[in-house]
Amino acid sequence: MGVNKPIKVLWDIPREERFAPGHSMCQGCGAAITMRHLAKIMDKNTIIAMGTGCVEVTTTLFPRTSWRNPWIHLAFENTAAVASGVEAALKALSRKKIIDDSRRIKVVAIAGDGGTFDIGLQSLSGMLERRHNVMYVVYDNEAYMNTGIQRSSATPYGAWTTTTPIGTKLRGKPQPKKDIITIALAHGIPYIATANIAYPVDMVEKFRKAYEVDGPSLVHVYSPCTPGWRIRNEHTIEVARLAVQTGVWVQLEIIEGEPRVTIKVPRRKHVRHYLRIQGRFRHLTDSDIETIQKMVDEYVEKINKWVGEEAIGPVVE
Amino acid sequence: MEKTYKRDFSTWREVPIGGIIPWPGTTAEVETHAWRAYRPVINQDKCIRCRLCWVYCPDAAILEVDEEYTTPSGRKYNISYRVDLAHCKGCGICAYECPVKAIEMIPEER
Ligand SMILES: Cc1ncc(C[n+]2csc(CCOP(=O)(O)OP(=O)(O)O)c2C)c(N)n1
Ligand code: SF4
Ligand code: SF4
Ligand code: SF4
Ligand SMILES: [Mg+2]
């Protein structure tokens, strides 16, 4: 086991780096922070199935790799399908005593929001429904970044992308973000969580729990993208933190269907603090921002009702 | 370890079957310092060893080392933080997040 005790404080995060530097992810890439910490909780023999996208192309430029685990390159749509197949093969090999059946080899699937919310949704659903013992991690940078910032169903309302440009008719993406958590929940899987790089202790502990679960688990990680969101390189963590402080992003953990907010926000910030530091929202007018604030308020109300307490408080600044 | 870039891949025969990469963690050989316009400099006397710069670096370029350090005011620490200047891309997250502003980004001169 990579980490065999709960991560409660920053000092519990292992020092050892299992994800090598020298990759070609952009300066300040949020997904790079996600991968660094995800790799820390894995065993040496963990098998990684990785859907194509930014992380895949920037960490495995032949003849080198940033990974220190068995790692499989995949197409865009089949991350969960391949992870399912690997897990089933491991089971068969163990049943036939070809591999020692006391050896526990975990399979971890990793894909972007495009590869998960859009084209990979069908294979993800199949994997969750068949109850494969796979930990699935979606790093969400809210667009197809690798191919040049095209919108995905994870792109939020009003955001600029190259396929939701700003003109007289279109003012960024007209639709809201898809709710992948509720989709996962509908499959009745044992562990679902949302995580955020600005809260590393919470994130790594969720990785650890999702990894430990026997059965399918899903961790949805908020991972800012500096060029795609038009943010300053040093603002990656600031933006991630503001997402939580404004209620745009809620830190959830759903164990056997029971939801809980792991990072409570008693006093919420107005969403403009979050929007105004990102170039992808630069075109928004004050009234657009109020529309988004109303959407956030509704979301927060829904979450509070669901978890049965005021986990996210009112807007105070 | 033999550096992968020194390998001969001039024909397909030298490429491993299936295009697999049997050299784990080898991007570490790639130096990404040329991406940098600013370089982080840690003030060891100001640093309170909180670990935040280490945890937030996207390039694992803040190294946590078991090196004792005593500040001029007499505070003793068992660890220190150093910048891996071969891999730091100069994003500035460490300096921005440091709670005591112990990291300064200075222009890189080449
Ligand atoms: C079937 C198919 N269509 C298109 C592509 C090209 N393609 C590769 S990665 C990618 C976008 C990936 O987006 P996402 O999953 O969000 O990852 P990100 O690049 O944002 O990290 C696309 C469109 C492909 N590889 N396969
Ligand atoms: S485009 Fe965005 S997600 Fe992709 S490597 Fe750069 S910062 Fe990371
Ligand atoms: S500037 Fe960026 S890459 Fe360099 S050490 Fe700081 S956080 Fe890491
Ligand atoms: S963030 Fe600042 S105080 Fe904390 S360890 Fe890094 S340099 Fe030291
Ligand atoms: Mg994406």
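To be clear, the structure that these remarks concern was listed above.
Scoring rules and cut-offs
- Residues numbered from 1 in each chain as written.
- Chains lettered and ligands numbered in written order.
- Predicted model: local features only at pLDDT ≥ 70, side-chain atom pairs only at ≥ 80, totals over all residues.
- Heavy atoms only, no water.
- Helix = DSSP H or I, 4+ residues; strand = E, 2+ residues; numbered from the N terminus.
- Rg over C-alpha atoms; globule rule 2.2 N^0.38 Å.
- Buried < 20%, exposed > 50% of the residue type's maximum accessible area, 1.4 Å probe, protein only.
- Contact = heavy atoms within 4.5 Å.
- Areas by Shrake-Rupley, 256 points an atom, 1.4 Å probe, with all protein chains shown as cover.
- Lys, Arg positive; Asp, Glu negative; His and termini not counted.
- Charge placed at Lys NZ, Arg CZ, Asp CG, Glu CD.
- Phe/Tyr/Trp six-rings, centres within 6.5 Å; stacked < 30°, edge-to-face > 60°.
- Lys NZ or Arg CZ within 6 Å of the ring centre and 35° of its normal.
- Axes fitted to C-alpha atoms, helices over the stretch in contact; angles between N-to-C directions.
- Nonpolar A, V, L, I, M, F, W, Y, C, P; charged D, E, K, R; others polar.
- Parallel < 35°, antiparallel > 145°, perpendicular 65-115°, else oblique.
- Left-handed = near helix turned anticlockwise from the far one by under 90°.
- Pairing = 2+ DSSP bridges.
- Right-handed = clockwise from strand over helix to strand, strands pointing away.
- Donors = N, O, S within 2.8 Å, 3.2 Å for Na, K, Ca; no water.
- Near = heavy atom within 4 Å.
- Buried area = accessible area lost by both parts, 1.4 Å probe.
- Salt bridge = Lys/Arg side-chain N within 4 Å of Asp/Glu carboxyl O.
- Polar contact = N/O pair within 3.5 Å; in protein donor to acceptor, adjacent residues only side chain to side chain.
- Expected span 1.5 Å × (residues − 1).
- Arc of directions from axis to C-beta.

Observations regarding the overall build of chain A
For step 1, the next point in the chain: If you tally the helices and strands in chain A, you get ten helices and eight strands.
For step 2, the next point in the chain: Whereas a compact globule of 317 residues would reach a radius of gyration of roughly 20 Å, chain A reaches 19 Å, a difference of no more than 12%.
For step 3, the next point in the chain: For chain A, the residues scored as buried account for 60% of the 317 residues in total.
For step 4, the next point in the chain: Considering only residue pairs separated by 6 or more positions, chain A has 69% of its internal contacts joining residues 24 or more positions apart.
For step 5, the next point in the chain: Accessible surface, chain A as shown: approximately 12500 Å² in total, 55% of it carbon and sulfur.
For step 6, the next point in the chain: Measuring between centres, the 42 positive side-chain charges of chain A sit 3 Å from its 33 negative side-chain charges.

Concerning the packing of aromatic side chains
For step 1, the next point in the chain: One pass over the full model with this rule turns up eight aromatic pairs over all chains.
For step 2, the next point in the chain: Between Tyr222(A) and Trp229(A) the ring centres are 5.4 Å apart and the planes differ by 65°, which places this aromatic pair in the edge-to-face class.
For step 3, the next point in the chain: An aromatic cluster of three or more residues is present, and its members are Phe19(A), Trp67(A) and Trp71(A).
For step 4, the next point in the chain: Directly above the aromatic system of Trp54(B) lies the positively charged group of Arg36(A), at a separation of 5.1 Å from the ring centroid.
For step 5, the next point in the chain: Positioned above the aromatic ring of Trp35(B) is the side chain of Lys89(B), whose terminal nitrogen or guanidinium carbon lies 4.4 Å from the ring centre.

Details of the packing of helix α3 (residues 79-95) of chain A against helix α5 (residues 121-129) of chain A
All names here are of chain A.
For step 1, the next point in the chain: At a minimum axis separation of 7 Å, α3 and α5 run at an interaxial angle of 30°. The segment α3 lies against α5, with Thr79, Ala80, Ala81, Ala83 and Ser84 engaging Ser123, Leu124 and Met127.
For step 2, the next point in the chain: Broken down by class, the residue content of the contact of α3 with α5 amounts to five nonpolar, three polar and no charged.

Some details on the packing of helix α1 (residues 30-40) of chain A against helix α7 (residues 200-212) of chain A
Residues and elements named next belong to chain A.
For step 1, the next point in the chain: Direction vectors running N to C along α1 and α7 enclose 50°, while the axes themselves pass 10 Å from each other. Considering the angle they form, α1 stands oblique to α7. Like other packed secondary-structure pairs, α1 and α7 cross with a definite hand, here right-handed. Contacts from Ile33, Thr34, His37 and Leu38 of α1 reach α7 at Met203, Val204 and Phe207.
For step 2, the next point in the chain: Residue composition of the contact of α1 with α7, grouped by class: five nonpolar, two polar and no charged.

Observations regarding unusual backbone geometry
For step 1, the next point in the chain: With an omega of 5°, the peptide bond between Phe62(A) and Pro63(A) qualifies as cis.
For step 2, the next point in the chain: Residue placement: Pro63(A) occurs in the loop between α2 (54-59) and β2 (71-73).

As for the pairing of strand β6 (residues 217-222) of chain A
Residues and elements named next belong to chain A.
For step 1, the next point in the chain: Among the six residues of β6, six are classified as buried, and the element is accordingly described as predominantly covered.
For step 2, the next point in the chain: Residues Ser217, Val219 and Val221 point to one face of β6 and Leu218, His220 and Tyr222 to the other, with burial holding for every one of them.
For step 3, the next point in the chain: Pairing of strand β4 (residues 134-140) with β6 involves six bridges; the strand directions are parallel. For Val137, the partnering residue across the bridge sits in β6 and is Val219.
For step 4, the next point in the chain: Handedness of the strand β5 (residues 191-196)-α7-β6 crossover: right-handed.

Let's talk about the coordination of the magnesium ion (ligand 5)
Residues and elements named next belong to chain A.
For step 1, the next point in the chain: The coordination sphere of the magnesium ion (ligand 5), as far as protein atoms go, consists of Asp113 (OD), Asn141 (OD1) and Ala143 (O), spread over 2.0 to 2.1 Å.
For step 2, the next point in the chain: In terms of primary sequence, the donors binding the magnesium ion (ligand 5) are separated according to D-x27-N-x1-A. Pair noted here: Asp113 is in helix α4 (residues 113-118) and Ala143 is in the loop between β4 and α6 (180-185), with a separation of 30 residues, a long-range link.
For step 3, the next point in the chain: Owing to a relative accessible area of 1%, Asp113 belongs among the buried residues under this scheme.
For step 4, the next point in the chain: Judged by relative accessible area, which is 4%, Ala143 ranks as buried.

Here's the deal with the site of ligand 3
For step 1, the next point in the chain: Surveying the vicinity of ligand 3 reveals 13 residues, the closest of which are Cys57(B), Cys88(B), Cys91(B), Gly92(B) and Cys94(B).
For step 2, the next point in the chain: Considering only residue class, the shell around ligand 3 consists of nine nonpolar, two polar and two charged.

Focus on the site of ligand 2
For step 1, the next point in the chain: The full set of residues close to ligand 2 is Met25(A), Cys26(A), Cys29(A), Cys54(A), Asn141(A), Met145(A), Cys225(A), Thr226(A) and Pro227(A).
For step 2, the next point in the chain: Residue composition of the shell around ligand 2, grouped by class: seven nonpolar, two polar and no charged.

Brief notes about the interface of chain B and chain A
For step 1, the next point in the chain: On the chain A side, the residues contacting the 43 residues of chain B number 41 residues.
For step 2, the next point in the chain: Interface area for chain B against chain A, summed over the two sides, is near 3400 Å², with a carbon-plus-sulfur share of 59%.
For step 3, the next point in the chain: Linking chain B to chain A there are four salt bridges.
For step 4, the next point in the chain: Here Glu29(B) and Arg64(A) are joined by a salt bridge, their closest N and O atoms 2.9 Å apart.
For step 5, the next point in the chain: Inspection of the chain B/chain A interface yields 25 residue pairs in polar contact (both at pLDDT 80 or more).
For step 6, the next point in the chain: Breaking the side of chain B that touches chain A down by element, the ones donating at least two residues are α1 (52-56), β2 (62-65) and α2 (93-97) of chain B.
For step 7, the next point in the chain: Among the elements that take part in the side of chain B that touches chain A, α1(B) stands out by supplying four residues, more than any other.

Side note on helix α10 (residues 286-307) of chain A
All names here are of chain A.
For step 1, the next point in the chain: Compared with the 32 Å implied by 1.5 Å per residue over 22 residues, the 31 Å span of α10 between its first and last C-alpha is a close match.
For step 2, the next point in the chain: Among all positions of α10, only Ile289, Ile292, Gln293, Val296, Val300, Ile303, Asn304 and Val307 are buried. Buried positions in α10, seen along its axis, are confined to an arc of 115° and lie on one side of it. Among the exposed residues of α10, those oriented more than 90 degrees off its buried face are Ser287, Lys294, Glu298, Glu301 and Lys305.
For step 3, the next point in the chain: In the core, the buried residues of α10 are packed alongside β7 (252-255), β8 (258-261) and α9 (271-275).

Some words on the side chain of His23(A)
For step 1, the next point in the chain: Of note, His23(A) is situated in the segment before α1.
For step 2, the next point in the chain: A polar side-chain atom of His23(A) sits 3.3 Å from the main-chain amide nitrogen of Met25(A).

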